[in-house]
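Notes for the structure review
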Amino acid sequence: MSIIAFAEQRNNTFRKAAFETVSEAKRLADKLGTQVIAVIAGSSVSGIAADLGKFGAAKVYVIEDSALANYSTEGYTQALEEVIKKENGKIVLLAATAMGKDLSSRVAARFKAGLASDVTAISVDGGKLTITRPMMAGKVFQKISISTDIQVISLRPNIFRAEENAVPASIEKLSIALRPIRARVKEVIAESGKKVELSEADIIVSGGRGLKVPENWHMVVSLAESLGGAHGATRAVVDAGWRPHEEQVGQTGKTVSPKLYIAVGISGAIQHLAGMSSSKYIVAINNDPEAPIFKVADYGIVGDATDILPVMTEKVKAMKGK
Ligand code: FAD
């Protein structure tokens, strides 16, 4: 038996979550005395396959077909199904991204396998997995074990550490006779502008109710853009309709783990911290020196966000200009 790790790529570039998936598969494989078989599907992805060996994949199956250039549930399910059968895969790991959530449920149904989605921890005891996942909008965590022969698990992005754990990887091209794909993506229309995606960003500037009015939000965006980062928000701001839910960071939003997280006008509620406390450096800007966010911050600035943000943005621009 082996652990199958689906490595998500878009436009022939791995998502950060792909490395997290392979790394967690490797950690489990070490505990279970087995190896990691990674799968990558696309139209011309063989050039990036070797990268998965750095994170612990002993073998990488590359499945290339022009019909797999864009993600489709049917096409990618066939690719993953083929490898699971060929390698007698018993544990299948994917990232709980939009793609991974979609694919994991179809793959699980195909094998009549149990599925645990959006998982935040996996422990191994006596060869059995205990899986932790949030429920009821993150209010409680459940611990489960899957009783079917094959277990399909999707991992919440930015929770599991991507860890270089190089093993000599063999790369094998696998050609499969794809059955016709009935629903096909004809065109992908990217959002306008070069917006950095929140869950992939190295730098995030997030704003909270301390911005006072939505008209001040452009200050958060300007600082994020000047740093080449993404911008996020608290739930208070999302609930107030200032920002869309896809920008929410926290227990019921996205989990992020950037190198730098700048929290502006954010109190530091436990539910917000749940989504960003693993950031490498946290900078807090708040006019209340007693705000809880300062307890987790590496650097703190006490003052009015609307005074500080424009100055910081100008400084960053000036430094970058040099
Ligand atoms: P506030 O708590 O109102 O804080 C505003 C801060 O701005 C204060 O610290 C204040 O001192 C400061 N401030 C005010 N004026 C200025 C100024 N001029 N300059 C600088 N600072 C200023 N929250 C999330 O963020 N993400 C989640 O995923 C999430 N999930 C939740 C799930 C559940 C089940 C529940 C019950 C709650 C959840 N929440 C979540 C909400 C959370 O509890 C907080 O209510 C929320 O994070 C507060 O947002 P805030 O920090 O923007 O607002």
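Everything discussed here concerns the structure shown above.
Described below are features of the structure shown in this document. (Residues numbered from 1 in each chain as written. Predicted model: local features only at pLDDT ≥ 70, side-chain atom pairs only at ≥ 80, totals over all residues. Heavy atoms only, no water.)

Some thoughts on the overall build of the protein chain
Heads up, the rule is: Under the scheme used here, helices are H or I runs from DSSP no shorter than 4 residues and strands are E runs no shorter than 2 residues, and both carry numbers assigned from the N terminus. The quantity called the radius of gyration is restricted to C-alpha atoms. Its globule counterpart is 2.2 Å times the number of residues to the power 0.38. We call two residues contacting when some pair of their heavy atoms lies within 4.5 Å. Only the protein chains shown count as cover for residues, with accessible areas throughout obtained via the Shrake-Rupley method and a probe of 1.4 Å. This count recognises Lys and Arg as positive and Asp and Glu as negative, with His and chain-terminal groups excluded. To locate a charge, the coordinates of NZ of Lys, CZ of Arg, CG of Asp or CD of Glu are taken.
A count of helices and strands for the protein chain gives eight helices and 17 strands. Its C-alpha atoms give the protein chain a radius of gyration of 21 Å, within 12% of the compact-globule value 20 Å for 322 residues. By principal-axis analysis of the C-alpha atoms, the protein chain measures approximately 60 × 45 × 35 Å. Partitioning the intrachain contacts of the protein chain with sequence separation of at least 6 by distance along the chain shows that 64% fall at a separation of at least 24. As presented, the protein chain carries roughly 15,500 Å² of accessible surface, and 51% of it is formed by carbon and sulfur atoms. In the protein chain, the 40 positive side-chain charges and the 34 negative ones have mean positions that sit 3 Å from each other.

Overview of the packing of helix α4 (residues 218-226) against helix α8 (residues 305-321)
The test is simple: Angles here are taken between N-to-C directions and fall from 0 to 180 degrees, while the axes themselves are lines fitted to C-alpha atoms, restricted in helices to the stretch in contact. Roughly parallel means an angle under 35 degrees; roughly antiparallel means over 145; roughly perpendicular covers 65 to 115; every other angle is labelled oblique. Each helix crossing is assigned a hand: it is left-handed if the near helix lies turned anticlockwise from the far helix by less than a right angle, otherwise right-handed if that turn is clockwise. Three residue categories are used. Nonpolar comprises Ala, Val, Leu, Ile, Met, Phe, Trp, Tyr, Cys and Pro, charged comprises Asp, Glu, Lys and Arg, and polar comprises the others, including Gly.
Orientation of α4 relative to α8, taken along the N-to-C sense of each, is 20°, at an axis distance of 9 Å. One element, α4, and the other, α8, form an angle in the roughly parallel class. Remark: the crossing between α4 and α8 carries left-handed chirality. Contact with α4, carried on its side by Met219, Val220, Ser222, Leu223 and Ser226, involves Thr306, Leu309, Pro310, Met312, Thr313, Val316, Lys317 and Lys320 of α8 and no other residues of that element. Of the residues assigned to the contact of α4 with α8, the class counts are seven nonpolar, four polar and two charged.

Details of empty space enclosed by the protein
Formally: Here a cavity is any set of points on a 1 Å grid over the protein atoms alone where a 1.4 Å probe fits but cannot get out, and a pocket is any open set with protein on both sides within 12 Å along at least 5 of 7 lines; a residue lines the site when it has an atom within 4 Å of a point. Grid points are joined across faces, edges and corners, and a volume is the space filled by probe spheres set on the points.
Tallying each qualifying case throughout the model produces one cavity of 30 Å³ or more. In this structure, the largest cavity occupies an estimated 30 Å³ of space. For the largest cavity, the full set of lining residues is Arg15, Lys16, Ala17, Thr97, Pro157, Asn158, Ser199 and Glu200. Within the lining of the largest cavity, the residues separate by chemical class into two nonpolar, three polar and three charged.

Structural notes on the nonpolar core
Under the convention used in this document: In this text, buried Ala, Val, Leu, Ile, Met, Phe, Trp, Tyr and Cys residues form a nonpolar core when linked through side-chain atoms within 4.5 Å. Relative accessible area decides the class of each residue, using a 1.4 Å probe on protein chains only: under 20% of the type maximum gives buried, over 50% gives exposed, and in between gives partly exposed.
Counting residues in each nonpolar core, the largest one holds 32 residues, and the members touching the most others are Ile40, Leu52, Leu93, Ile122 and Ile153. Of all the secondary structure elements, the ones that give two or more residues to this core are β1 (2-6), α1 (16-32), β4 (36-42), β5 (59-64), β6 (89-95), β7 (114-119), β9 (128-135) and β11 (151-155). Top element by residues in this core is α1. It accounts for six residues. When sequence neighbours within four positions are dropped, the list of residues in contact with Leu52 reads Ala7, Phe14, Phe19, Val22, Ala38, Ile40, Ala57 and Val60. Ranked by size, the runner-up nonpolar core spans 25 residues in total, among them Ile4, Tyr71, Ala79 and Ile176.

Topic: the site of the ligand
The condition is simple: Near, as used in this document, describes a residue that has one of its heavy atoms within 4 Å of the molecule or strand being considered.
As a structural note, the neighbourhood of the ligand is formed by 26 residues, with Arg209, Thr234, Thr252, Ser267 and Gln271 the closest of them. When residues of the shell around the ligand are traced back to their parent elements, those giving at least two are α5 (235-239) and α6 (270-273). The class makeup of the residues in the shell around the ligand is five nonpolar, 15 polar and six charged.

Describing the pattern of salt bridges
Here is the rule: Each reported salt bridge corresponds to a side-chain nitrogen of Lys or Arg within 4 Å of a carboxyl oxygen of Asp or Glu.
Across all of its chains, the model carries 21 salt bridges by this definition. In this structure, Glu8 and Arg15 form a salt bridge, with 3.8 Å as the shortest nitrogen-oxygen distance. A relative accessible area of 2% places Glu8 in the buried class. Judged by relative accessible area, Arg15 falls into the buried class, the value being 12%.

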